[in-house]
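Structure at a glance
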Amino acid sequence: MSAPSPRAPAPATGPRRPHVVVVGAGFAGLSAALHLLAAGARVSVLERAATPGGKAGEWRSGGFRFDTGPTLLTLPDVVEATFAAAGRPCPLDLGRQGGGTRYVFPSGRVWDVSSDLGRTLAGLEPGEDDAYRRALERARQLYEAAAPVFVHAPAPGLPQLLRYALRHGMAAAPGRRLPQLLDALGVRGDLRTFFLRFATYFGADPFRAPAVLHNIAWVELGLGPRHVEGGMHALARALEEAVTDLGGEIRYGGEVRRLVRRGRRVSEVVSDAGATRCDGVVVAVDRTQALAMLGHAPVSDREPSLSGLVWLAGVRGTDARLASHTVFFPEDYEREFHDIRSGRHPRDPTLYVAISARSDPADAPAGCENRFVMANAPALTQRAAGREAEVAEGRRAVHAVLARHGFEPGEGVVVQRWQTPATFAAFGHRGSLYGAAPHGMLATLRPANAVAGVLNAALAGGTVHPGGGVPLALLSGRYAAARVARHLDLDTSD
Ligand SMILES: Cc1cc2nc3c(=O)[nH]c(=O)nc-3n(C[C@H](O)[C@H](O)[C@H](O)COP(=O)(O)OP(=O)(O)OC[C@H]3O[C@@H](n4cnc5c(N)ncnc54)[C@H](O)[C@@H]3O)c2cc1C
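Computed from a predicted structure; not experimentally measured.

Structurally, the protein chain comprises domain 1 (19-54 + 75-91 + 230-301 + 435-487), domain 2 (123-220) and domain 3 (307-431). In this structure, domain 1 and domain 2 have C-alpha centres spaced 29 Å apart. With 17 residues of domain 1 at the contact, the number on the domain 2 side is 16 residues. Tallied by class, the residues present in the side of domain 1 that touches domain 2 amount to 9 nonpolar, 8 polar and no charged.

Around the ligand, a shell composed of 35 residues is seen, among which Gly24, Gly26, Gly54, Pro70 and Gly461 lie nearest. Taken together, the elements giving at least two residues each to the shell around the ligand come down to α1 (27-38), β2 (42-47), β12 (307-316) and α14 (470-487). The greatest single-element share of the shell around the ligand, amounting to 3 residues, is contributed by α1. Each of domain 1 (19-54 + 75-91 + 230-301 + 435-487) and domain 3 (307-431) contributes no fewer than three residues to the shell around the ligand.

That bond from His465 to Pro466 is cis: its omega, 0 degrees, falls within 30 degrees of zero. With respect to the element layout, Pro466 can be found in the loop between β18 (454-459) and α14. Here Asp489, not a glycine, exhibits a phi torsion of approximately 60 degrees, which is positive. Structurally, Asp489 is set in the segment after α14.

All right, on to helix α2 (residues 76-85) then. Most of α2 sits out of view: 8 of its 10 residues are buried. All buried positions along α2 are accounted for by Pro76, Val78, Val79, Ala81, Thr82, Phe83, Ala84 and Ala85. Tucked inside the fold, the buried residues of α2 contact α1, α9 (232-245) and α14. Trailing α2 by a residue or two, Gly87 shows a phi angle of about 80 degrees, which is positive.

Here the focus is helix α12 (residues 388-404). Side chains of residues three or four places apart in an α-helix project in the same direction, reflecting 3.6 residues per turn. For α12, spanning 17 residues, the distance from its first C-alpha to its last is 24 Å, which sits close to the expected 24 Å at 1.5 Å a residue. Every buried residue belonging to α12 is among Glu390, Gly394, Ala397, Val398, Val401 and Leu402, and all of these are buried. Projected down its long axis, α12 carries its buried residues within an arc of 135 degrees, all on one side. Turned more than 90 degrees away from the buried face of α12, the exposed residues are Glu388, Ala389 and Ala392.

Each value, and the rule that gives it
Residues numbered from 1 in each chain as written. Predicted model: local features only at pLDDT ≥ 70, side-chain atom pairs only at ≥ 80, totals over all residues. Domains from an automatic or database assignment. Contact = placed C-beta atoms within 7 Å. Nonpolar A, V, L, I, M, F, W, Y, C, P; charged D, E, K, R; others polar. Near = placed C-beta within 6 Å. Helix = DSSP H or I, 4+ residues; strand = E, 2+ residues; numbered from the N terminus. Buried ≥ 20, exposed ≤ 12 C-beta atoms within 10 Å, placed from the backbone. Expected span 1.5 Å × (residues − 1). Arc of directions from axis to C-beta.

Here you go:
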């Protein structure tokens, strides 16, 4: 997909323009708002927080700046296309590579990986490079077959699914799990662990993920991640600015409680700040919460995807052993997911460490760095993972991994803050980051953007089609906006 050239949005005047309310100013809601404005609607975004971005929040303290959610942008064309739909170029520089990622294995082996194939292969042991190429090629095939149907198009119906199954079904290894696919490709040892981890980008337990999720490896390794100038929260701010520049209204600080229906249409959105009449609505919050607002019966409680435990630490000094993105793998990767399956924080978690100050020096005072340290964590259950003692155990495990790699966790810390599954429960059902766990070929299909029985409403966000992650949330906003715009007879040429 390449970014279309910016087109002029539909005129903001004319006969009475339909009024669409967007609930939530995360990436999905802001994208929906931009597409609706471009189609000629009058748009009000209702956001309960004081700032845009949702999960892509920001924390500033003691001269440090942290993104509190996403740190890595993939599929930058989707961002550019979102701004282009609003008739403007993306105001932020997305051009720089994220500098690649450093992987540290339990043996102490260090491997720097980027979309520069030559440099990446140079860090491999003899014999591993063929397996890497095979795995990368298979990921490319899976992505290129799946993306036109499952990513760059509205939710597929039966005909599209059948066509995909007939053309690519066998290649997608429908009955296989990811570890089996990697075994069949002869990918072993450290490389196997490395390739398994990409399934966590969709919130999956890699050992139960379907083989098709191997396609995510291509998105990062083949297409390459991008660094967003000023951080991910800056991207949310840029979208917010585009919405208001086009005449959209964003109201902060009022939680939406319910959507009032008249027959098969939503006629009013009721928030703490009052009621707003509307001709259409895009609900860009977690799907379980969205359906509750619509008065639908609670959805069956499917297994939630992964949650996270994040330590934000501003530290004095810089450490060359950490790259701008570093992953530390544990001794036993499978045991990490056994722990999560049983509802506990992993005793020896994989750690992902991002330091945005490496690319944006203003993110930390001189001679300091801002460390975003993230471990996988179980979503909240009745039994575990939310209790203070459990979380304390998770925190100790994160620090123990750092200490094992020679980073004394308490040393030089100037500011710090933890985000736990309970923190993320404000945004996602039980604190899961990506909706229902995609464990199984069919379970990778995200629920559609349509709302059963309601004509003028659509759902957007990381828990519905096409799925989680920043670019996919932006796309979901676009598909939801198109659905509502079509219903309102607006210009849907985008
Ligand atoms: C720690 C972490 C790391 C991540 N890392 C990455 C990464 O590196 N790369 C990547 O691509 N993705 C990453 N993700 C996933 C990515 O952040 C999400 O998929 C994406 O931001 C989801 O956007 P959204 O608009 O669907 O939802 P949200 O960001 O959850 O936005 C929903 C918005 O709705 C608002 N809202 C909710 N309920 C109401 C209500 N009742 N009334 C009014 N407003 C309401 C919320 O306040 C919020 O602003 C990460 C997520 C987390 C948490």
